[in-house]
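# Coordinates in review
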Amino acid sequence: MPVASVALLLHLLSMAAAATAALAMDPAERETLLLVMEAVSSDRDWRSVCPDPCGSPWPGLECKPVPAAGNVSASTTSAAARLHVTRLDFGVAPNPTCKDGAAFPHLAFALPHLQSLFLVDCFKNPAATTAFTLPPSANLTSSRLQQLSVRSNPSLSGTLPPQLSSIRSLQVLTVSQNALIRGEVPQGIGELKNLVHLDLSYNSLTGTIPSRIGELRSLVGLDLSYNSFSGSIPGQLGDLAMLQKLDLSSNNLTGGVPATITGLTSLTFLALSNNGLSGHLPAGLSDLRDLQYLIMENNPMGVPLPSELGDIARLQELRLANSGYSGSIPETLGRLASLTTLSLENNNLTGRIPAGLSRLKRMYHLNLSKNGLDGVVPFDGAFLRRLGRNLDLSGNPGLCVDGRAVVQADVGVGVCRRAGDGGDIASVSAATDVLSVGTLFRRDGQLRLAGGRWSALLLIRPVAVALCCSCCLLL
């Protein structure tokens, strides 16, 4: 082989060796990673099996080349870049599982380029709890962590560490489904200005919702559901102009819905169910032009339904059951062309069912049961067949279905029948042909029957006798 060729080959080999050395992990970072693995998982002997973790990463470990400081040119980037740990996942297969005595991995926050840390279904030893603690704030200010997810850990205990506010790079913070996480949300949460998603649901958090959450102006999703928060909903949440999802359901919140909520014009999902909220919904609901889900069941509202609900044009689900609403169902709900679900059961609603509901072509679930509604149900056979078992009108003694619209599905009310030449109207069960009657009462100039249950065959003669007796008494 010519001398020149040998020299060229040696040069290429030396460049390859240099590139390999440059891509290898920093020894200090490698040692930190191995200490983290040993503290959390005993799936394998990490040191002997994985001498070069980033060179042959296991499931749950991600490494990426990061240019050395000061090397920004294209010609030097590839040679100067080292592989650094950017993501760690624990708990869910195929990721490393957590051993019974696993400690919360403080040292993971010392990995200089770590961007994502997931601890899901990790701490679950019923015989020993694991404390949720973080390193001192001074050790976190240089962190590059963008996503922290601590979820479904039944034996993780303690409070939300106040040091969380020092991880200013955080964009997604999920501490959810950890039943032993208690106490109040640190006020310092307002320092996390880069947060896009904050999920603290399904814990045992108490106290009031911090008003400083309103300072997180980049927030798109906020979920504080299924805790024990008390007090009122802070009006400062109305400052979250980019918010798309707000879930405060299943807490102990009281007072009214703040008027500032109507300023959340990007909101698509609003859930406030299972609280102690009361009073009128704020004016300006129609400003929530993108709202698709309004879920406010099980609150002692105790007021009439606002007609403005019908002006939330994109609404798909409206759930206001078991909340003491009174008065009539607003006719404006018939304008909600995108509505698929309407749940108004177990309220104090009266009057007729708006005919406009029958024109909602996307409706597939309608529950108006356990109210005081009356009159003829304004739905034709096609509507009744389309909803089938997803339609419930039971518990409204004054309702009946036009006999021409009768279908096999049981919608919870009887069939409207004429009880004689006098035009008396009665409600008859389609399944048993039993007439629901008992007392006579006059409404809209017509004599109607309501109350107990009698055989239709036995009813004709008593009704005639009753009418004749009435005539004799008048004479």
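The notes below deal with the structure included here. Since the model is a prediction, treat every value here as computed from it, not as a measurement.

Conventions adopted
Sequence order as written defines residue numbering, which begins from 1 separately in each chain. With the structure being a predicted model, the display of local features is reserved for residues of pLDDT at least 70 and the display and counting of side-chain atom pairs for 80 or more, all residues being used for whole-chain, interface and lining totals. Note that the side-chain values use all heavy atoms of the structure and ignore hydrogens as well as water. Pairs were defined over the aromatic rings of Phe, Tyr and Trp, the Trp ring being its six-membered one, requiring ring centres within 6.5 Å. Orientation was assigned from the angle between planes: stacked under 30 degrees, edge-to-face over 60, tilted for the rest. Strands are runs of DSSP state E lasting at least 2 residues, helices are runs of H or I lasting at least 4, and numbering of each runs from the N terminus. Buried, partly exposed and exposed residues are distinguished by accessible area as a fraction of the type maximum, computed with a 1.4 Å probe on protein chains only: under 20%, between the cut-offs, and over 50%, respectively. Here, a charge over a ring means that NZ of Lys or CZ of Arg falls within 6 Å of the ring centre while also lying within 35 degrees of the ring normal. Strands were regarded as paired on the criterion that DSSP finds at least two bridges between them. Residues belong to one nonpolar core when they are buried, are Ala, Val, Leu, Ile, Met, Phe, Trp, Tyr or Cys, and are joined through side-chain atoms within 4.5 Å. The contact criterion used is simple: two residues touch if any of their non-hydrogen atoms lie within 4.5 Å. Residues adjacent in sequence count toward polar contacts only when both atoms are side-chain atoms; beyond that, a polar contact is any pair of N or O atoms within 3.5 Å, and within protein one must be able to donate a hydrogen and the other to accept it. A pair of sulfur atoms, both from cysteines and within 2.5 Å, is called a disulfide here.

Let us now look at the packing of aromatic side chains. For any pair of aromatic rings, the description rests on two quantities: the centre-to-centre distance and the angle between the ring planes. Taken as a whole, this structure holds six aromatic pairs when the rule is applied. Look at Tyr202 and Tyr226: their rings are 4.3 Å apart centre to centre, the planes differ by 10°, and that puts the pair in the stacked class. With Tyr202 in the loop between β9 (197-199) and β10 (204-205) and Tyr226 in the loop between β11 (221-223) and β12 (230-231), the pair connects residues that are 24 residues apart, well separated along the chain. Note on Tyr202: relative accessible area 40%, which makes it partly exposed. Consider the rings of Phe379 and Phe383, whose centres lie 4.3 Å apart with planes at 25°: the pair is stacked. What makes Phe379 buried here is its relative accessible area of 3%. We classify Phe383 as buried; its relative accessible area is 2%. Taken together, Phe104, Phe123 and Phe132 form an aromatic cluster joined through their ring pairs. Its end group placed over the ring of Phe269, Lys245 keeps NZ or CZ at 5.7 Å from the ring centre.

This part is about the pairing of strand β21 (residues 348-351). Bridge count between strand β19 (residues 326-327) and β21: two bridges; the pairing is parallel. Residue pairing for β21: Ser326 is matched across the bridge by Asn348. Two strands pair when backbone bridges link them, and β21 and strand β23 (residues 372-377) are joined in this way by two bridges, in the parallel orientation. Bridge pairing links Thr350 to Gly372 in β23.

What follows deals with the pairing of strand β3 (residues 116-120). Regular strands place side chains that alternate from one sheet face to the opposite one. A large share of β3 lies buried, amounting to five of its five residues. As defined by bridge partners, strand β2 (residues 82-90) adjoins β3 across four bridges and the pair is classed as parallel. Residue pairing for β3: Leu88 is matched across the bridge by Leu117. Direction of pairing for β3 relative to strand β5 (residues 147-151): parallel, over a ladder of five bridges. Counterpart to Leu119 in the pairing with β5 is Val150.

A word on the nonpolar core. Ranked by size, the top nonpolar core spans 109 residues in total, and within it Leu88 and Ile213 carry the most contacts. With five residues, helix α2 (residues 27-40) is the single largest residue contributor to this core. If we skip the residues at most four places from it in the chain, Ile213 touches Ile189, Leu198, Leu219, Leu222, Leu224, Leu237 and Leu240.

Here we come to the environment of Asn275. With respect to the helices and strands, the residue Asn275 is situated in the loop between β15 (269-271) and β16 (276-277). Each C-alpha atom of the pair Asn275 and Gly255 lies 9.7 Å from the other, and the pair is 20 residues apart in sequence. Not counting chain neighbours up to four residues away, the residues in contact with Asn275 comprise Leu248, Ser249, Ser250, Asn251, Asn252, Leu253, Asn298, Asn299 and Pro300. Reaching out from Asn275, the side chain makes a polar contact with the backbone oxygen of Leu248 at a distance of 3.1 Å.

Moving on: the state of the cysteines. Summed over the entire model, instances satisfying the criterion amount to three disulfides. Two residues share a disulfide in this structure: Cys98 and Cys122, whose sulfurs sit 1.7 Å from each other. Judged by the sign of its S-S torsion, about -95°, the cystine formed by Cys98 and Cys122 is left-handed. Placement of Cys98 in the loop between β2 and β3 and of Cys122 in the loop between β3 and β4 (130-131) is noted, with a sequence separation of 24 residues between them. The exposure class assigned to Cys98 is buried, which follows from its relative accessible area of 13%. Look at Cys122 and you get buried, because its relative accessible area is 2%. Covalently, Cys400 is tied to Cys416 through a disulfide, its sulfur atoms 1.8 Å apart. Taking the torsion about the S-S bond as the criterion, the Cys400 to Cys416 disulfide, at about 95°, is right-handed. Of this pair, Cys400 sits in strand β25 (residues 398-402) while Cys416 sits in strand β26 (residues 414-418), and the two are 16 residues apart along the sequence. For the pair shown, Cys400 and Cys416 are each scored as buried. Sequential numbering of the bridged cysteines in the chain gives the disulfide pattern 1-2, 3-4, 5-6.

So far we have only geometry, and geometry alone does not tell us how the molecule works.
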